[in-house]
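Architecture and fold: a report
Spelled out from the first residue to the last, the chains are:
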Amino acid sequence: NCKYGMHGPIEVFSSGAIAKLGEDYGRSWDGRAPHDCVTKMDFGLWGEDMFIDQCLDKVLKVQRVDDWNLISEAHCANKHWESCESQHVAFHPFKTI
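From a predicted model like this one, the values you see are computed outputs, not experimental measurements.

**Quick look at the environment of D66**
Tracing the chain through its elements places D66 in the loop between α3 (48-59) and β1 (71-73). Judged by its relative accessible area of 41%, D66 is partly exposed. Through-space distance from the C-alpha of D66 to that of M6 is 9.4 Å; in sequence the pair is 60 residues apart.

**What to know about the packing of aromatic side chains**
According to the stated counting rule, one finds one aromatic pair in the structure shown. On the numbers, 5.0 Å between centres and 80° between planes, the contact of F43 with F51 is edge-to-face. Looking at F51, the relative accessible area reads 15%, which means it is buried.

Cut-offs and rules
Residues numbered from 1 in each chain as written. Predicted model: local features only at pLDDT ≥ 70, side-chain atom pairs only at ≥ 80, totals over all residues. Heavy atoms only, no water. Helix = DSSP H or I, 4+ residues; strand = E, 2+ residues; numbered from the N terminus. Buried < 20%, exposed > 50% of the residue type's maximum accessible area, 1.4 Å probe, protein only. Phe/Tyr/Trp six-rings, centres within 6.5 Å; stacked < 30°, edge-to-face > 60°.

What follows is the structure, given as structure tokens:
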């Protein structure tokens, strides 16, 4: 959703991506974490958006479909994110609204 990777304000997943993630949860001993993604990545201080982005891409090998028209955000190098006057479906960051 952002040319720099998935950003948390809006995250869109295909049903296939969720199915693969569900399978990985099923491999954990209690079903509460994606086993391979947790054991095969050094995710340190990542936020959940970076974690799920790397999990799906690097570990579970889910094909990414980029759509740069979902989010208009300062951190995605969008020039007019503050005006909310584009075709995007989400605008970020607005910390006071």
